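If you want the building blocks of each chain, they are given just below.
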Amino acid sequence: MSRIANGVEVDEDNEVAMQAPHAPNTPHPHEAAPRVVAVMGVSGTGKTTIGPLVAAALGVPYAEGDDFHPAANIAKMSSGTPLDDADRAPWLDAIGAWAHGRAGLGGVVSCSALKRAYRDRLRAAAPGIVFLHLTGDRELIAERMAARKGHFMTGRLLDSQFATLEPLDADEAGVAVDVTPGPEAIAERATTALRRL
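About the criteria used
Residues numbered from 1 in each chain as written. Predicted model: local features only at pLDDT ≥ 70, side-chain atom pairs only at ≥ 80, totals over all residues. Heavy atoms only, no water. UniProt positions renumbered as here; feature names shortened; annotations may be inferred. Salt bridge = Lys/Arg side-chain N within 4 Å of Asp/Glu carboxyl O. Helix = DSSP H or I, 4+ residues; strand = E, 2+ residues; numbered from the N terminus. Buried < 20%, exposed > 50% of the residue type's maximum accessible area, 1.4 Å probe, protein only.

Going by what an unreviewed UniProt entry lists, the chain is known as Gluconokinase and is assigned to Streptomyces eurocidicus. Per UniProt, the chain carries the Catalytic activity (unreviewed entry) text "D-gluconate + ATP = 6-phospho-D-gluconate + ADP + H(+)". If you open the UniProt record of the chain and go to Pathway (unreviewed entry), you find "Carbohydrate acid metabolism."

I tried to follow the pattern of salt bridges on my own but got confused; where do I start?
As a working rule, side chains carrying opposite charge can pair if their charged atoms are close by. Tallied over the entire structure, the rule returns 12 salt bridges. Where Asp 120 meets Arg 116, a salt bridge forms, and the shortest distance between an N and an O atom there is 2.9 Å. A residue pair is termed a helical-turn pair when its members lie 3 or 4 positions apart in one helix, as Asp 120 and Arg 116 do in helix α4 (residues 116-125) at 4 residues. Residue Asp 120 is classed as partly exposed on the basis of its relative accessible area of 33%. Overall, the relative accessible area of 21% leaves Arg 116 in the partly exposed class. Its salt-bridge partner being Glu 172, residue Arg 119 comes within 2.7 Å of it at the nearest N-O pair. Placement of the pair is Arg 119 in helix α4 and Glu 172 in the loop between α6 (158-164) and β8 (174-178), with a sequence separation of 53 residues. In this structure, a network of salt bridges that share partners links the residues Arg 116, Arg 119, Asp 120, Arg 123, Asp 169, Asp 171 and Glu 172.

Pasting the structure below:
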């Protein structure tokens, strides 16, 4: 005689317990929930190109970080003036709120997140967030920025971004991927690395 107790089929005659078959559409209890990924790096590394590719590979939605900027920030950057920490605070908080809302559901959002303090602020809002740092040398990134049309971020701000950049520390959940190859290769490497976290 057998019975089901706590998802386990128990053979009462032989006192043998077997795991009941797992429902096919139910997440396995040991499977990690989808993560929220912030694609970080200086302007020109391809965050808005790579982000959607990674989101598609992971099967989660993508959010464009620039859309979280208040109008005053966009006006300031369009004039070639770098943002200061006070300018970035409401932007980071808006991205953090989006990431918090995607906790357990997954998502990808672009966000330069150049300083450790900025990433700490995002983690405070969304503790499970991980970072994908797109890296590359200044010359390559400057060339790519020069080829862009109609974007408010100008090449004049690139030096200030590199000066501000604080790469991921060893205790920060995330991966760094070089942006020298094409977008598909970068996204494939990034997705593989993120799945290993």
